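# Architecture at a glance
Spelled out from the first residue to the last, the chains are:
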Amino acid sequence: MLISNVRLLHPDSELTSKLWAVDCVDGKVRRVQEVSERLTGDLDAKGGIMIPSLCHPHIHLDKCFILGMAGLIVEGDFKEAMRLTSTAKGTFNHRDLYDRGERLIRESIEWGVTSMRAHVEVDEIVRFSCLDVALELRKKYEAACDIQIAVFAQEPLFMAPGDTTPGPNYELLREAVERDEVHVVGSAPYVEPTIVQAKKNIALILGFLDSRRVENVDFHLDYNLDPQMEPLIYEVIAQARGIHIDKGAHRDSNAAARGRPTITIGHATRLQLLSAEEWTTLARELADLPINIALVSLPQSDLYMQGRSDEELSLGAPRGTLRVTHLYRKYGLQVAMGVNNVQNAFTPQGSLDPLSLCTLGVAIFQAARARDIDLLIRSVTLNAKTAINHERTQADLFPTEEDPADFVILHTNDSFESVVLNPSLDRTTIRAGVVVASKKSVATWSM
C-alpha cells in the first residue's frame, strides 16, 4: 500500500512541513520519499499528520465500563473502589465480559491503537473467566491489534497478616501462567496485608520470570503519595539482580529477538516524592540492571485516586503522577503513558484515546515546547510499545525502511503541535500496511 501526501515528524524540523509518500510492502515500510507535488496513492492523507500507531501499555480489559454496576461512588477512595469492583466481578459472565472487552478493543483501534497490554484478573471471584474471554478476543482481533494478555492478581496473594505462604489466589495465578498463550503475569503488591507480604508478593511474581514461565512481568506498584511509605521499586531492583537472564530458554523463540525480558511498573506515584539525588541514583541503578525496568505513568487514575488522605490541607489534597517530560530531560528516563482503567470506580473519567493523555500532560507537566511535544508523542507510541517489550516498534517517530507499517493518520491536524494540543477526531489506523479502522467525525475528508 502506498500512503501518499502525509506529513511526518522528521529529525530535521525544516522538513516537517513537507509532504511524504510511504510505501508499505508485506507489513513493513519499504521506502519513504519526499514528494514535491501531490501524489496519487492507495491512501491519500491529503496533508494529514502521520505518527506511529498508538499503544495501551497498561489497560484493564475485564474491568472497563462497569461504573455503576455495583452501586454509586460515595467516598471515591481506593477502599471503596476495591469493594465496588469486587462486587461487580461477582456478576461477571461470558456475554458481559465479551461485549465490554470487544467495545474497548474496537474503540481503541478506531483511536489509532494497534497494540496493548490487557490485564485480566485471576482470583477466587472470577477464576479464569476473564482470561478465557480475553483469549477469544485476542484471536478475533489479531489482524488489527496485537493484544498482549497479562494475567493479573488485583486481590492479595496472602489472605491474612500472619500468613507465610500464599493462598488460593496465587495457586489460581500459577495455573493460569501454565497456559501456552500467557506470557505476562502481574500483581499489585500494595494490596497485601503487610509490607513483608508485599515484598513476598514481588518475589512470587518474579519467580515466574526466573523459572522462564513468562517473558515479562508487570507490577502495579508504589501507588501512594505517602512519604512515610517505603518505595518498593528498590525491592524490585534488588530481586531483579538475582534473576538469571537466558533469552533462549523462554518458551517463545521471538523473545530473544525482542531483547531482554522487561519488568513494567505502572503508577509509581510515590516516586514523585523522591529528591533529585534519589532520582539520579535510581536512574543509574535502572540503567545498570541485567533486565529492563520500564515505568508507565497513568495520569487519569493517579490524579483521580491519589492524595485523598490529606483532604484537610488548606490547599486541598496533593496530586501526583510520573512527570514524563521532566524525567527524560532531567534523568534520561523514557517513561510511557497509558489510559489504564476506563469508566470504573478507580477511574470514572476519560476516553480510550491515548493522545488525550498528551493533551492533559501539556497542563500537568507544563510542557508545550517543541521538545515536549516530541516527548509526549513518544510516550504513547514508541515508549509505550517498549514498556511492554513489543516486537513491532519503530526505531523513531520518522519511519525508515523495514520498520513495521503501523501508523495512525490524524486528518485534520496540520502541525505536530496540534496533534498534542488538540488531536484530530478524524483518524485512519494502519496495521502491517493495511487500513484496519477509519474514524470520521465530520465530512472534511474522504478515503
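Procedures and definitions
- Residues numbered from 1 in each chain as written.
- Predicted model: local features only at pLDDT ≥ 70, side-chain atom pairs only at ≥ 80, totals over all residues.
- Heavy atoms only, no water.
- Helix = DSSP H or I, 4+ residues; strand = E, 2+ residues; numbered from the N terminus.
- Rg over C-alpha atoms; globule rule 2.2 N^0.38 Å.
- Buried < 20%, exposed > 50% of the residue type's maximum accessible area, 1.4 Å probe, protein only.
- Contact = heavy atoms within 4.5 Å.
- Areas by Shrake-Rupley, 256 points an atom, 1.4 Å probe, with all protein chains shown as cover.
- Lys, Arg positive; Asp, Glu negative; His and termini not counted.
- Charge placed at Lys NZ, Arg CZ, Asp CG, Glu CD.
- pLDDT = per-residue confidence, 0-100.
- Pairing = 2+ DSSP bridges.
- 1 Å grid on protein atoms, 1.4 Å probe; cavity = no way out; pocket = protein on both sides within 12 Å on 5 of 7 lines; lining within 4 Å.
- Points joined across faces, edges and corners; volume = space filled by probe spheres on them.
- Nonpolar A, V, L, I, M, F, W, Y, C, P; charged D, E, K, R; others polar.
- Core = buried A, V, L, I, M, F, W, Y, C linked by side-chain atoms within 4.5 Å.
- Domains from an automatic or database assignment.
- Buried area = accessible area lost by both parts, 1.4 Å probe.
- Salt bridge = Lys/Arg side-chain N within 4 Å of Asp/Glu carboxyl O.

## A short note on the overall build of the protein
When you go through the protein residue by residue, the secondary structure sums to 14 helices and 16 strands. Expected size for 447 residues packed as a compact globule is a radius of gyration near 22 Å; at 21 Å, the protein falls within 12% of this value. When the backbone C-alpha atoms are referred to their principal axes, the protein occupies close to 75 × 50 × 45 Å. The proportion of buried residues among the 447 residues of the protein is 57%. Within the protein, counting contacts between residues at least 6 apart in sequence, those at least 24 apart form 74% of the total. Accessible surface, the protein as shown: approximately 17,700 Å² in total, 49% of it carbon and sulfur. Distance between charge centroids for the protein: 2 Å, based on 47 positive and 61 negative side chains.

## Quick look at the confidence of the model for the protein
Per-residue confidence for the protein gives a mean pLDDT of 92; residues scoring 70 or more make up 93%. Residue range residues 248-258 is modelled with pLDDT below 50. Its contacts to residues more than four positions away, or to other chains, number 26 contacts.

## Points about the sheet that holds strand 3 (residues 28-35)
The four strands are arranged 3-2-1-4 in an open sheet whose pairing can be described as mixed. Of all strands in the sheet, those bounded by a partner on one side alone are strand 3 and strand 4 (43-44). Taken together, the three bridges between strand 1 (residues 2-6) and strand 2 (residues 19-25) define a ladder with antiparallel strand orientation. Across the sheet, the residue bridging to Ile 3 is Val 22, located in strand 2.

## Let's talk about the layout of surface pockets
Its volume calculated, the largest pocket comes out at about 530 Å³. Lining the largest pocket are 24 residues; nearest its centre among them are Tyr 223, Asn 224, Leu 225, Met 229 and Gln 306. Looking at the lining of the largest pocket, the elements that each hand over two or more residues are helix 1 (78-89) and helix 5 (195-210). Its residues assigned to classes, the lining of the largest pocket comprises eleven nonpolar, five polar and eight charged.

## Focus on the nonpolar core
Judged by nonpolar contacts, the single largest core of 104 residues is most densely connected at Ile 51, Leu 104 and Ile 263. Residue contributions to this core reach at least three from each of two domains, namely domain 1 (2-52 + 399-439) and domain 2 (54-247 + 257-388). Residues Trp 20, Cys 24, Ala 405 and Ile 409 belong to the second largest nonpolar core, which totals 15 residues.

## Observations regarding the environment of Phe 365
Looking at where Phe 365 falls in the secondary structure, it is placed in the loop between helix 11 (355-364) and helix 12 (370-380). Residue class for Phe 365 comes out buried when judged on its relative accessible area of 4%. Excluding anything up to four places from it in sequence, Phe 365 contacts Thr 321, Leu 322, Arg 323, Val 324, Thr 325, Met 337 and Leu 376.

## Focus on the domain arrangement of the protein
Splitting the protein by domain gives domain 1 (2-52 + 399-439) and domain 2 (54-247 + 257-388). Computed from C-alpha coordinates alone, the two centres of domain 1 and domain 2 are separated by 30 Å. If you look at the interface, domain 1 gives 20 residues, while domain 2 gives 24 residues. Both faces considered, domain 1 and domain 2 share a buried interface measuring about 1,900 Å² in area, 67% of it formed by carbon and sulfur atoms. Remark: the boundary between domain 1 and domain 2 carries two salt bridges.

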